[in-house]
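# Commentary on secondary and tertiary structure
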Amino acid sequence: MTKASFAIQDGQLRGFQVEGHSGLAEAGEDVLCAAITSAVRLTECAVNDVLGLEAAVKVSQKDAAISLRLPSKLEGEADAVCQTLLTALMLYFVQLQEEYPQHIIVMEV
């Protein structure tokens, strides 16, 4: 099962951690894992490469995990865009959870 945890502080999304394989299908054939990975990578590219922020990203292939933590002092448009991106990612994962409840769980921490 894939666990997606979204960190919330003072009512703002500050980051996320996604870990584990969904187990929907064999490795390389799992469309749910592919969808999750693609969404995470798109979000990370938007935050770090498009917006030019330096969000902390940790990847563990051994644990099948990735985490992203936004910089602590975001303001204005950068903060608003990051909130939109992380909210969209969380909502997308909630929709996947509704469709595949045995394979992905979404939590707020």
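Our subject is the structure listed above.
What comes next is a walk through the structure. (Residues numbered from 1 in each chain as written. Predicted model: local features only at pLDDT ≥ 70, side-chain atom pairs only at ≥ 80, totals over all residues. Heavy atoms only, no water.)

Attention now goes to the packing of helix H1 (residues 31–50) against helix H2 (residues 76–99). Close contact between H1 and H2 brings their axes to 10 Å; oriented N to C, the two are set at 175°. Considering their axes alone, H1 and H2 lie roughly antiparallel with respect to each other. Between H1 and H2, the residues in contact are Leu-32, Ala-35, Ile-36, Ala-39, Val-40, Thr-43, Ala-46 and Val-47 and Cys-82, Leu-85, Leu-86, Leu-89, Tyr-92, Phe-93 and Leu-96, respectively. Split by residue class, the contact of H1 with H2 holds 14 nonpolar, 1 polar and no charged. (Axes fitted to C-alpha atoms, helices over the stretch in contact; angles between N-to-C directions. Helix = DSSP H or I, 4+ residues; strand = E, 2+ residues; numbered from the N terminus. Parallel < 35°, antiparallel > 145°, perpendicular 65-115°, else oblique. Contact = heavy atoms within 4.5 Å. Nonpolar A, V, L, I, M, F, W, Y, C, P; charged D, E, K, R; others polar.)

Here we take up the packing of aromatic side chains. The relation between two aromatic rings is expressed through the spacing of the ring centres and the mutual angle of the planes. Under the defined criterion, the tally for this structure stands at 3 aromatic pairs. When the centroid spacing of 6.0 Å and the interplanar angle of 40° are considered together, the rings of Tyr-92 and Phe-93 count as tilted. (Phe/Tyr/Trp six-rings, centres within 6.5 Å; stacked < 30°, edge-to-face > 60°.)

Time to look at the pattern of salt bridges. A side chain of one charge can pair with a side chain of the opposite charge if their charged atoms are brought near each other. Counted under the stated rule, the structure contains 1 salt bridge. The salt bridge partner of Asp-79 is Arg-14, with a shortest N-O separation of 3.9 Å. In this pair, Asp-79 sits in helix H2 while Arg-14 sits in strand S2 (residues 12–19), placing the two residues 65 residues apart along the sequence. Of the two residues, Asp-79 and Arg-14, both sit in the buried class. (Salt bridge = Lys/Arg side-chain N within 4 Å of Asp/Glu carboxyl O. Buried < 20%, exposed > 50% of the residue type's maximum accessible area, 1.4 Å probe, protein only.)

Turning to the pairing of S2, a few remarks are in order. Note: strand S1 (residues 2–9) against S2, 7 bridges, orientation antiparallel. Bridge pairing links Ala-4 to Val-18 in S2. Connecting S1 to the antiparallel partner S2 that follows it, the hairpin turn spans 2 residues, and Asp-10 within it adopts a positive phi of roughly 55°. Two elements, S2 and strand S4 (residues 65–69), share 5 bridges in a ladder whose sense is antiparallel. Bridging across to S4, Val-18 finds its partner in Ile-66. (Pairing = 2+ DSSP bridges.)

This part is about H1. Over its 20 residues, H1 extends 26 Å from the first C-alpha to the last, a length consistent with the 28 Å expected when each residue adds 1.5 Å. The complete set of buried residues in H1 reads Leu-32, Cys-33, Ile-36, Ala-39, Val-40, Thr-43, Glu-44, Ala-46, Val-47 and Asn-48. On its buried face, H1 is in contact with S1, S2, strand S3 (56–60), S4, H2 and strand S5 (104–108). Between a side-chain oxygen at the N-terminus of H1 and the backbone nitrogen of Leu-32 the separation is 3.0 Å; the capping residue is Asp-30. (Expected span 1.5 Å × (residues − 1). Polar contact = N/O pair within 3.5 Å; in protein donor to acceptor, adjacent residues only side chain to side chain.)

Time to look at the environment of Ile-66. Among the secondary structure elements, Ile-66 is positioned in strand S4. Along the backbone, Ile-66 and Leu-91 are 25 residues apart, and their C-alpha atoms lie at a distance of 18 Å.

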